[in-house]
Amino acid sequence: GFSDGFQGKRLLTVGRLTWQKAYDIAIATMKLLKEAGYPVRWYVLGEGDQRRALEKQIGALGLSEDFVLLGAVKNPFPYYMQADLYIHATRFEGKSIAIQEAQTLGCAVIASDCNGNREQITDGQDGILCELTPEAIAGSILRLLNNEEERKRLGRKAAEKNTAQAQELQMLLELLE
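Just so we're clear, the structure is a prediction, and the values are computed from it rather than from any experiment. (Residues numbered from 1 in each chain as written. Predicted model: local features only at pLDDT ≥ 70, side-chain atom pairs only at ≥ 80, totals over all residues. Heavy atoms only, no water.)

Draft legend 1. Spotlight on the overall build of the protein. In terms of helices and strands, the protein carries 7 helices and 6 strands. Over its C-alpha trace the protein gives a radius of gyration of 16 Å, about what one expects of a compact globule, namely 16 Å for 177 residues. Taking the principal axes of the C-alpha coordinates as reference, the protein spans close to 55 × 35 × 30 Å. The buried share of the protein, taken over its 177 residues, is 46%. Taking as baseline every contact in the protein between residues at least 6 positions apart, the subset at least 24 positions apart corresponds to 68%. Looking at the protein as shown, the accessible area adds up to about 9,100 Å², and 51% of this sits on carbon and sulfur atoms. Counting 21 positive and 24 negative side-chain charges, the protein places the averaged centre of each group 4 Å from the other. (Helix = DSSP H or I, 4+ residues; strand = E, 2+ residues; numbered from the N terminus. Rg over C-alpha atoms; globule rule 2.2 N^0.38 Å. Buried < 20%, exposed > 50% of the residue type's maximum accessible area, 1.4 Å probe, protein only. Contact = heavy atoms within 4.5 Å. Areas by Shrake-Rupley, 256 points an atom, 1.4 Å probe, with all protein chains shown as cover. Lys, Arg positive; Asp, Glu negative; His and termini not counted. Charge placed at Lys NZ, Arg CZ, Asp CG, Glu CD.)

As structure tokens, then:
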């Protein structure tokens, strides 16, 4: 898990560093959060062909300590458990394993409103769907950072949903045997 001793709120994203994953928009979102004075740090687990471009954008915006590319890790689960919010802002998506992992572990999830994300999140019930703009993502993040009760409720509902899915899958496997 995290080992940097940061005392503010931790945002987490897990995914390949590719254009699809819209990290350029996430970095611009982080700039808005810092300008608003919120003590947050955004961590990204993953590698990809956009790393150098993203590092350049991060440096140009003065976010080297605030938007941290941790690279690929063998076990992302401790990071999910220690994060305050999981953010999945993508241009397009199929079924996201990262969203499912975050939900299963009870993380409050904010995701961009696109087909794959919409299939995994019911807006306002077990996560938040928002427009893929820095302003909309920042607004959703601030909404949940300022409302711990809602953040915890969304995480609980996400975990409950995934527990029910796991039970249904187990029943199906038993029927197939």
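Draft legend 2. Quick peek at the packing of helix α1 (residues 23-35) against helix α2 (residues 51-60). Contact geometry for α1 and α2: axes closest at 10 Å, N-to-C directions at 15 degrees. Here α1 lies roughly parallel to α2, going by the angle between them. α2 is crossed by α1, and the crossing has right-handed handedness. Judged by residue contacts, Tyr 23, Asp 24, Ile 27 and Ala 28 of α1 engage Leu 54, Gln 57 and Ile 58 from α2. Partitioned by chemical class, the residues of the contact of α1 with α2 number 5 nonpolar, 1 polar and 1 charged. (Axes fitted to C-alpha atoms, helices over the stretch in contact; angles between N-to-C directions. Parallel < 35°, antiparallel > 145°, perpendicular 65-115°, else oblique. Left-handed = near helix turned anticlockwise from the far one by under 90°. Nonpolar A, V, L, I, M, F, W, Y, C, P; charged D, E, K, R; others polar.)

Draft legend 3. Looking closely at the nonpolar core. Counting 31 residues, the largest nonpolar core has Trp 42, Phe 67, Leu 85, Ile 87 and Ile 141 as its most contacted members. Of all the secondary-structure elements, those providing two or more residues to this core are α1, β2 (40-45), α2, β3 (67-71), β4 (85-88), β6 (128-130) and α6 (134-145). Contact partners of Leu 85, with chain neighbours within four places excluded, come to Arg 10, Leu 11, Leu 12, Ala 108, Ile 110, Ile 141, Leu 144, Leu 145 and Arg 151. Counting residues in each nonpolar core, the second largest holds 18 residues, with Phe 2, Tyr 43, Tyr 86 and Ala 98 among its members. (Core = buried A, V, L, I, M, F, W, Y, C linked by side-chain atoms within 4.5 Å.)

Draft legend 4. Looking closely at α1. Taking 1.5 Å per residue, 13 residues should reach 18 Å; α1 reaches 18 Å between its end C-alpha atoms and fits that length. For α1, the complete set of buried residues consists of Tyr 23, Ile 25, Ala 26, Ile 27, Thr 29, Met 30 and Leu 33. For α1, the secondary structure elements touched by its buried residues are β1 (9-14), β2, α2, β3 and α6. One or two positions beyond α1, positive phi appears at Gly 37, with a value near 85 degrees. (Expected span 1.5 Å × (residues − 1).)

Draft legend 5. Molecular detail of the sheet that holds β1. Strands sit in the order β3-β2-β1-β4-β5-β6 across an open sheet of 6 strands; the sheet is parallel. The sheet is open, and its two edges are formed by β3 and β6, each paired on a single side. The sheet shows a mean angle of 25 degrees between the axes of neighbouring strands, direction not considered. In this structure, β1 lies alongside β4, joined through 2 bridges in parallel fashion. Considered in β4, the bridge of Leu 12 is made with Tyr 86. Where helix α4 (residues 97-104) meets the sheet, its contacts fall on β1, β4 and β5 (109-112), and the angle it forms with β4 comes to roughly 165 degrees. (Pairing = 2+ DSSP bridges.)

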